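Residues per chain, in single letters:
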Amino acid sequence: SQTIHQWPATLVQPVGSPLSLECTVEGTSNPNLYWYRQAAGRGLQLLFYSVGIGQISSEVPQNLSASRPQDRQFILSSKKLLLSDSGFYLCAWSVKRVSSTEAFFGQGTRLTVV
Amino acid sequence: AQTVTQSQPEMSVQEAETVTLSCTYDTSENNYYLFWYKQPPSRQMILVIRQEAYKQQNATENRFSVNFQKAAKSFSLKISDSQLGDTAMYFCAMTQGGSEKLVFGKGMKLTVNP
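Residues numbered from 1 in each chain as written. Chains lettered and ligands numbered in written order. Predicted model: local features only at pLDDT ≥ 70, side-chain atom pairs only at ≥ 80, totals over all residues. Heavy atoms only, no water.

Caption draft 1: Inspection of the overall build of chain A at higher detail. Along chain A, the regular secondary structure elements total zero helices and 11 strands. Seen in sequence order, chain A has helices and strands lined up from the N terminus as β-β-β-β-β-β-β-β-β-β-β. By the compact-globule yardstick of 13 Å for 114 residues, chain A fits well, its C-alpha radius of gyration being 13 Å. Looking at chain A as a whole, 50% of its 114 residues are labelled buried. In chain A, the proportion of contacts linking residues at least 24 apart, taken out of those at least 6 apart, comes to 55%. (Helix = DSSP H or I, 4+ residues; strand = E, 2+ residues; numbered from the N terminus. Rg over C-alpha atoms; globule rule 2.2 N^0.38 Å. Buried < 20%, exposed > 50% of the residue type's maximum accessible area, 1.4 Å probe, protein only. Contact = heavy atoms within 4.5 Å.)

This is the structure we're talking about:
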């Protein structure tokens, strides 16, 4: 069966520090991968999605970047965090080219920038 | 561009009653898929129900059903016999055929009161 792992679960980082959130998927190959941010009162915002290794689509210009160094690994990064980067970050995957399929979510990372 | 709008930020309902959550969307495509996700306090995103745009019949899953109005681009979720465990954030989402992009609405907080 497929599983998705996202870590860490919680993170408190000072302003200006770097960030690296990691997400890995097991039990499937060549998935679509997504990073979402859920900020209070702003719902679920798509940040990045990837259809393959090294292929990243950015939805929102911001202080963050994403990379997909391996087929089932998706990393969210920042060189210097801002207070506005605080939020709940969710990684998700879906089966490629099956648009009717659901997305499967990780447990999320609560990021607080102080 | 595809957009999903949930105009009601919050609703409450009494246990055992019926509640309807609204969602509208915009797309220029004829082939697309719609979803309702639930996010309970545990923050784990769970698929509630899905609808293929090419199907005229409204999807149902036990106490959950949708009212899909393609011409009006409306996709509402009806929860019958509401239970305390239905208390959660509910997100409407869509993906277009041929696109790997999955877009969510801002969500709506539903509270079921005893």
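Caption draft 2: Examining the state of the cysteines more closely. Residue and element names in this part refer to chain A. Counting across every chain of the model gives two disulfides over all chains. The disulfide bridge from Cys23 ends at Cys91, spanning 2.0 Å between sulfur atoms. Between Cys23 and Cys91, the S-S torsion sits near -75°, and that sign places the bridge as left-handed. Highlighted residues: Cys23 in strand 3 (residues 19–26) and Cys91 in strand 9 (residues 87–94), separated in sequence by 68 residues. As far as the burial class goes, Cys23 and Cys91 line up, both buried. (Disulfide = S-S within 2.5 Å.)

Caption draft 3: Examining the interface of chain A and chain B more closely. Taken together, the contact between chain A and chain B spans 24 residues of the former and 22 residues of the latter. Summing both sides of the interface, chain A and chain B together bury roughly 1900 Å²; the carbon and sulfur share of this comes to 50%. We note a salt bridge from Glu102(A) to Arg50(B), for which the minimum N-O separation is 3.6 Å. Connecting chain A to chain B are seven residue pairs in polar contact (both at pLDDT 80 or more). Those elements giving two or more residues to the side of chain A that touches chain B turn out to be strand 4 (32–39), strand 5 (43–52) and strand 9 of chain A. Top element by residues in the side of chain A that touches chain B is strand 5 of chain A. It accounts for five residues. For the side of chain A that touches chain B, a count of residues per class yields 10 nonpolar, eight polar and six charged. (Buried area = accessible area lost by both parts, 1.4 Å probe. Salt bridge = Lys/Arg side-chain N within 4 Å of Asp/Glu carboxyl O. Polar contact = N/O pair within 3.5 Å; in protein donor to acceptor, adjacent residues only side chain to side chain. Nonpolar A, V, L, I, M, F, W, Y, C, P; charged D, E, K, R; others polar.)

Caption draft 4: Spatial organisation of the nonpolar core. Ranked by internal contacts, the top residues of the largest apolar core, which has 27 residues, are Trp36(B), Leu77(B) and Tyr90(B). Among the elements that make up this core, the one with the highest residue count is strand 10 (residues 88–96) of chain B (four residues). Contact partners of Leu77(B), with chain neighbours within four places excluded, come to Val19(B), Thr20(B), Leu21(B), Trp36(B), Val48(B), Ile49(B), Phe64(B), Ser65(B), Val66(B) and Tyr90(B). Counting 20 residues, the second largest nonpolar core, distinct from the first, contains Leu11(A), Trp35(A), Tyr89(A) and Cys91(A). (Core = buried A, V, L, I, M, F, W, Y, C linked by side-chain atoms within 4.5 Å.)

Read these as layout, nothing more, since geometry by itself doesn't imply function.
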